[in-house]
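Structure at a glance
The lines below spell out each chain.
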Protein chains: 2
Amino acid sequence: MKIVELVTKDLRFPTSQDRSGSDAMNPDPDYSAAYVLIKTQEGLYGHGFTFTIGRGNELCVAAIEALAPKVLGRTLEEIVQDFSGFWRKLTRDSQLRWLGPEKGVIHLATAAIINGLWDLWAKVEGKPLWKLLVDLSPEALIKTIDFRYIQDVLSPEEALELLKSRWPGRAEREQEVLKNGIPAYTTSVGWLGYSDEKIRSLCRKALQEGWEAFKLKVGASLDDDRKRCRIVREEIGHRTLMLDANQVWEVEEAIEWVQALAEFQPLWIEEPTNPDDILGHARIAQALAPIKVAAGEQIHNRIMFKQFFQAQALGYCQIDAARLGGVNEVLAVLLIAAKFGVPVCPHAGGVGLCEYVQHLSIFDFIALGGPLEQRRVEYVDHLHEHFVNPVQISHGRYLAPSAPGYSSEIKADSIERFTFPYGSFWNKEARSWKD
Amino acid sequence: MKIVELVTKDLRFPTSQDRSGSDAMNPDPDYSAAYVLIKTQEGLYGHGFTFTIGRGNELCVAAIEALAPKVLGRTLEEIVQDFSGFWRKLTRDSQLRWLGPEKGVIHLATAAIINGLWDLWAKVEGKPLWKLLVDLSPEALIKTIDFRYIQDVLSPEEALELLKSRWPGRAEREQEVLKNGIPAYTTSVGWLGYSDEKIRSLCRKALQEGWEAFKLKVGASLDDDRKRCRIVREEIGHRTLMLDANQVWEVEEAIEWVQALAEFQPLWIEEPTNPDDILGHARIAQALAPIKVAAGEQIHNRIMFKQFFQAQALGYCQIDAARLGGVNEVLAVLLIAAKFGVPVCPHAGGVGLCEYVQHLSIFDFIALGGPLEQRRVEYVDHLHEHFVNPVQISHGRYLAPSAPGYSSEIKADSIERFTFPYGSFWNKEARSWKD
């Protein structure tokens with residue numbers, strides 16, 4: 001299974017047209033994917049991508065190309081046999097590492113390639129990614145993880161013990177997931193650009209579909225937030241409400257603002273301030289309890305997550321499958337989160353993040369146990385139509401995917417149409433919209 | 001002063017030929033600059049760059065181009081009149097921000113552009129950058145700083161008070177700098193790739209030149225480090241020795257390793273572990289006192305520095321003029337460092353970092369006071385020949401630059417020769433070396 005070609009694509013979807021995805025920090029995203037097709041000599045493909053919100057997606061594509069020489073000519077077998085070693089080679093090219101290290105554009109590109117390799121591996125094994133992960137022995141699993149810079153909180157030996165200690169009940173948990181799926185929450189009701197009427201009608205539609213948890217964007221105006229929270233509470237009753245500020249506040253401002261919304265009893269406040277501010281999040285978490293702090297979609301690597309846990313700054317851990325350096329680094333964070341007893345509720349939405357993270361949460365539940373209902377995976381109902389194996393949602397739950405791979409393959413005609421800037425959408429259809 | 005053109009250059013210098021710049025993490029860097037010429041309608045130029053160590057420099061160049069539309073068509077006057085507002089526009093384009101935020105490739109590109117604008121401003125004012133900064137009133141100075149996400153430790157009002165409280169003695173400090181320059185230390189004696197004999201002879205040469213402080217790279221082998229420390233101590237006697245591990249250790253490993261070198265009485269251990277690990281640095285600092293911890297060349301923004309200070313993780317703060325988002329963000333960090341009483345000893349070397357940081361340290365001393373001898377600026381003796389206004393070193397001190405600008409202009413023939421991959425060096429001369 002020699003890897004002979006990496007083909008990159010700059011895919012951009014015009015989500016700013018209807019302000020889907022709009023929040024207090026990101027008013028007009030065009031959800032995008034820096035996409036890579038990893039081709040073997042036999043003509044098999046792994047599909048991977050990272051997610052961006054428009055401009056600059058070309059930088060991630062160029063970064064994938066800068067990393068490509070480290071993949072080309074290697075075999076899948078040698079890569080997966082020493083996957084942590086390969087991950088190190090990819091992230092620790094000393095010259096490219098200078099551009100991060102392990103953050104920003106170069107790490108987003110790492111995610112695309114690594115995820116594409118896991119997709120390829122799972123396809124070769126004929127299993128969905130979650131099942132490939134579940135079927136790996138604890139010893140094999142920890143051999144995929146780079147423990148560098150996290151050994152002060154989790155050594156490989158400790159990780160092995162942790163996995164073994166959670167072994168009992170695995171078969172039952174797998175059966176439970178296959179039967180009932182895993183719980184989700186919806187972000188589709190409360191984008192900041194939506195009118196009150198739209199929020200109300202989307203809540204009603206979501207309730208009819210069986211949703212039990214709802215997330216609302218906040219942070220632009222306190223009066224407006226109060227009004228919107230009231231609308232959602234009126235509609236959803238005692239069901240779960242989460243709030244998401246997308247980093248708009250200073251530390252003390254976050255505390256005051258959320259205290260002013262406490263009457264609406266949110267489960268969590270997400271991204272109250274800058275994602276680098278570990279100590280700021282810790283201060284906010286302490287001040288706002290019992291309201292929890294959630295964050296993670298822009299926490300860029302395992303070293304940052306380690307400290308968020310050490311500082312007791314997170315009540316919920318929102319890993320991002322395309323921001324962390326692919327599955328290998330996600331596994332490290334899942335293990336540290338399990339050690340600290342923090343539930344993982346992945347960030348999703350975007351382009352294909354739902355498709356990715358369902359696998360990670362299913363693995364997390366089966367391999368690491370603990371209450372399933374505390375693990376709610378974000379769900380956003382757009383762009384799934386571009387995927388060959390889109391997520392299946394039923395009554396507010398993700399059903400376990402069964403197709404081999406990481407659910408990351410984008411349809412050929414979507415690639416043709418939304419490749420930037422020369423795909424048929426951007427080359428022709430977009431003109432009338434932009435004019 | 002309308003800005004009408006941004007010209008970018010991918011400049012790479014073949015420093016891996018003789019292993020200058022080699023350390024435990026970076027064995028064979030080719031010191032590089034993603035360089036930008038900012039041209040006004042009148043034909044004036046500002047010159048800015050960020051620094052990388054080779055592969056991936058093209059990503060920073062592409063990121064400068066992605067940011068260029070935010071600069072083109074604006075006037076220098078409107079930019080500097082509300083410089084913090086302009087800085088926010090550059091760093092907070094919501095789509096490009098996703099690629100960081102404020103870290104990695106996109107933030108390195110921000111540094112290049114922002115530094116180029118300060119160079120242009122200083123040239124227009126006919127002053128070296130340090131003098132432009134010193135001559136700004138405290139009110140004007142804080143108007144260049146974006147206080148977002150740092151207000152929990154430093155508000156604009158507090159920054160203003162701090163600057164005013166340090167006002168007495170400014171004229172004397174400026175005279176002192178003009179007369180004696182500012183103290184430096186040399187890193188040129190102790191690159192990891194150097195032989196024992198070379199280290200010994202470089203120490204002797206440096207002593208003859210009047211150097212009083214010397215930095216040695218460590219971290220590849222403890223036995224080797226002991227031997228190299230002994231050589232340097234034999235040569236330099238009771239002068240100042242610093243150690244630099246370039247992030248090679250785990251947290252506990254760092255503590256044990258440096259304790260094993262404590263007999264050589266280093267002033268500081270630099271970059272003992274990963275630059276994201278604030279809490280790890282704090283643990284190391286606590287365990288190794290009175291040996292100090294120094295870091296900063298890869299601490300990527302003011303929010304990270306804020307926490308390093310909050311956690312008492314740094315004994316010396318090593319700002320990087322091309323890693324932080326240009327002069328404006330450096331000013332924020334200088335002010336926070338002053339509030340916490342942590343001396344700033346900038347990271348330099350690379351391509352043109354010495355040229356940049358001399359201005360920042362001179363400003364720091366004149367405007368914020370405190371002991372001059374605690375501020376030692378790194379000095380590395382290569383690549384200065386490519387600069388129009390290279391640093392002037394005398395008896396181990398930087399002399400205050402007098403040419404207008406930020407000393408950031410690279411000679412035209414160096415640009416022609418070292419542009420990658422089609423400059424004459426890479427196109428012709430490099431062939432015989434690489435073969």
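Residues numbered from 1 in each chain as written. Chains lettered and ligands numbered in written order. Predicted model: local features only at pLDDT ≥ 70, side-chain atom pairs only at ≥ 80, totals over all residues.

Another aspect to go through is the domain arrangement of chain A. Residues and elements named next belong to chain A. Structurally, chain A comprises domain 1 (3-153 + 413-434) and domain 2 (162-410). Taking only C-alpha atoms into account, the centre of domain 1 sits 21 Å from that of domain 2. Of all the secondary-structure elements, those providing two or more residues to the side of domain 1 that touches domain 2 are β2 (32-40), β3 (45-52), α3 (83-91), α5 (104-125), α6 (129-135), α7 (138-142) and α17 (412-418). With ten residues, the single largest contributor to the side of domain 1 that touches domain 2 is α5. (Domains from an automatic or database assignment. Helix = DSSP H or I, 4+ residues; strand = E, 2+ residues; numbered from the N terminus.)

Moving on, we come to the relation of the copies chain B and chain A. Superposition record for chain B on chain A: RMSD 0.0 Å, screw rotation 180°, translation along axis 0.0 Å. The superposition of one copy onto the other is thereby described by a two-fold rotation axis. Nearest to the rotation axis, the C-alpha of Gly-104 of chain B is located 2.3 Å from it, this being the minimum over chain B. Looking at chain B, 100% of its interface residues are interface residues in chain A too, so the copies touch through the same face. (Least-squares fit on C-alpha atoms with pLDDT ≥ 70 in both. Contact = placed C-beta atoms within 7 Å.)

A few words on the sheet that holds strand β1 (residues 3-12) of chain A. Residues and elements named next belong to chain A. Taken together, three strands build an open sheet; the order of strands is β1-β2-β3 and the sheet is antiparallel. This sheet does not close on itself; its edge strands, each paired only once, are β1 and β3. Taking each pair of neighbouring strands and ignoring which way they run, the sheet shows an average axis angle of 15°. Pairing of β2 with β3 involves eight bridges; the strand directions are antiparallel. (Pairing = 2+ DSSP bridges. Axes fitted to C-alpha atoms, helices over the stretch in contact; angles between N-to-C directions.)

What follows deals with the pairing of β1 of chain A. Residue and element names in this part refer to chain A. Summarising burial for β1: seven of the ten residues are buried, a large majority. As paired elements, β1 and β2 share nine bridges and run antiparallel to each other. In the strand pairing of β2, Thr-8 is matched with Val-36. (Buried ≥ 20, exposed ≤ 12 C-beta atoms within 10 Å, placed from the backbone.)

In this assembly, 46 residues from chain B lie in contact with 46 residues from chain A. Looking at the side of chain B that touches chain A, the elements with two or more residues in it are α1 (57-67), α4 (94-97), α5 (104-125), α12 (251-259), α13 (278-288) and α14 (302-310) of chain B. Partitioning the side of chain B that touches chain A into residue classes produces 21 nonpolar, 16 polar and nine charged. (Nonpolar A, V, L, I, M, F, W, Y, C, P; charged D, E, K, R; others polar.)

The subject of this paragraph is the environment of Ile-114 of chain B. Residue and element names in this part refer to chain B. Assignment of secondary structure puts Ile-114 in helix α5. Taking the C-alpha atoms as reference, Ile-114 lies 9.7 Å from Glu-329; in sequence the two are 215 residues apart. Each residue touching Ile-114, except ones within four places of it in the same chain, is listed here: Trp-87, Gly-325, Gly-326, Val-327 and Asn-328.

Residue and element names in this part refer to chain B. On the basis of which strands lie adjacent, the open sheet formed by three strands has the order β1-β2-β3 and antiparallel pairing. Whereas interior strands pair on both sides, the edge strands pair on one side only; in this sheet they are β1 (3-12) and β3 (45-52). Shown here is a sheet whose adjacent strand axes are inclined to one another by a mean of 15°, direction ignored. On the sheet, α1 packs against β1, β2 (32-40) and β3 and is oriented at approximately 175° with respect to β1. Seen against the sheet, α5 touches β2 and β3 and runs at an angle of roughly 150° to β3.

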